[in-house]
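Descriptive analysis of the structure
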Amino acid sequence: MAEHIFIEDKPVNDALPVRTLFYGEGLFETFRYKSRIPALFERHYERMRKGAEYLGIPMYSISYIEGLVHKAVAAAGIEDAYVKVCLLSDGSTLFYDLSSKSTVLTIVREYDPPSAPLTLHIGLTRRNSTSPLSHLKSLNYLENVLARREAVSAGFSECLFLNDKGHVAECSAANVYWIRDGILYTPSLECGVLPGTTREALLRVAGDAGLDVWEGHYAPDDLYECELALTTNALIGVMPVSVIGHVSLDTDTAHFDSVKKGLYDCLGW
């Protein structure tokens, strides 16, 4: 059955990725491009590939997407860049149909490093630990948008999600950790946590910093007496947390410097 789509009074050609526009059916990866493709690019690609397979979106080869990233950064003329790669879904506008084609959209801008420890607002919205979307870096991102706006409106820099069981999950755009008595704690993926590429790297290098790693189900109170709280993603690397809710946290700089060095060596920063 033929469809006719208009924006205002102008017909739209088939270049519009309608399924992403209508349903948020798409995926993205963001990372820092510091004079070269990031060291963990294959992990970013593999996460997107698995997500595309799950959602039924046609996926491109790693060499093709890497080539698009190189060309975009070169055209922008930026050496230290923020890069966002989106896989946009297209095809039938019926919500229950599968995508028949896809498009890659790349955004490049100057990298703007964070300059201060993060302050976390405990959000009102709960993360659904049983939702398959919690493990996808999906363009269906409105929940995260609203959570960050809520945090900023309350005077914080980031939002901390609890899940439907009241356990700590993740931030709106980062994974979260805390250190106490030689142990690095972090919520398990079962809590509704995105499997972050930088999270994976940090858990690998934690042992070199003399830390055991415990993944589990934790209440917010478990964070308040920590020696150091941290967040990670592929743009900020690792950042300390100075406040959660209305509780000020200690910041053990020796622990932070050790963790940061190991992680940045892994990232090539």
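Up top you'll find the structure we're talking about.
Residues numbered from 1 in each chain as written. Predicted model: local features only at pLDDT ≥ 70, side-chain atom pairs only at ≥ 80, totals over all residues. Heavy atoms only, no water.

**Examining the nonpolar core**
Inside soluble globular proteins, nonpolar side chains tend to come together where they are buried. Stated formally: Residue types Ala, Val, Leu, Ile, Met, Phe, Trp, Tyr and Cys, when buried and joined through side-chain atoms within 4.5 Å, form a set referred to as a nonpolar core. Accessibility here uses a 1.4 Å probe with only protein chains present; expressed as a share of the type maximum, an area under 20% marks a residue as buried, one over 50% as exposed, and anything in between as partly exposed. Numbering of helices and strands starts at the N terminus; helices are DSSP runs of H or I of at least 4 residues and strands are runs of E of at least 2. When checking whether two residues touch, look at their non-hydrogen atoms; a contact exists if any pair is within 4.5 Å.
Ranked by internal contacts, the top residues of the largest apolar core, which has 22 residues, are Leu27, Phe31, Tyr33, Val69, Val83, Val85 and Leu87. Elements that contribute at least two residues to this core include exactly strand S3 (26–34), helix H2 (41–55), helix H3 (62–76), strand S4 (80–90) and strand S5 (101–110). Looking at which element gives the most residues to this core, the answer is H2, with five residues. Contacts of Tyr33, omitting those with residues within four sequence positions, involve Val69, His70, Val73, Glu79, Asp80, Ala81 and Val83. In terms of nonpolar packing, the next biggest core, distinct from the first, is built from 20 residues, Val176, Leu223, Ile236 and Val241 among them.

**Observations regarding the packing of H2 against H3**
Quick note on the threshold: The axes used here are C-alpha line fits, helices contributing only the stretch in contact, and every angle between their N-to-C directions lies in the interval 0 to 180 degrees. Any angle that falls under 35 degrees is termed roughly parallel, while one over 145 is termed roughly antiparallel, one within 65 to 115 roughly perpendicular, and all others oblique. Note on convention: the crossing is left-handed when the near helix lies turned anticlockwise from the far helix by less than a right angle, right-handed when the turn is clockwise. Under the scheme applied, nonpolar residues are Ala, Val, Leu, Ile, Met, Phe, Trp, Tyr, Cys and Pro; charged residues are Asp, Glu, Lys and Arg; polar residues are all the others, including Gly.
Contact geometry for H2 and H3: axes closest at 11 Å, N-to-C directions at 120°. The pairing of H2 with H3 is recorded here as oblique in orientation. Pair H2 / H3 crosses with right-handed handedness. Residue-level inspection shows Phe41, Glu42, Tyr45 and Met48 of H2 in contact with H3, the latter providing Ile62, Ile65 and Glu66. Considering only residue class, the contact of H2 with H3 consists of five nonpolar, no polar and two charged.

The values are spatial; any link to function lies outside them.
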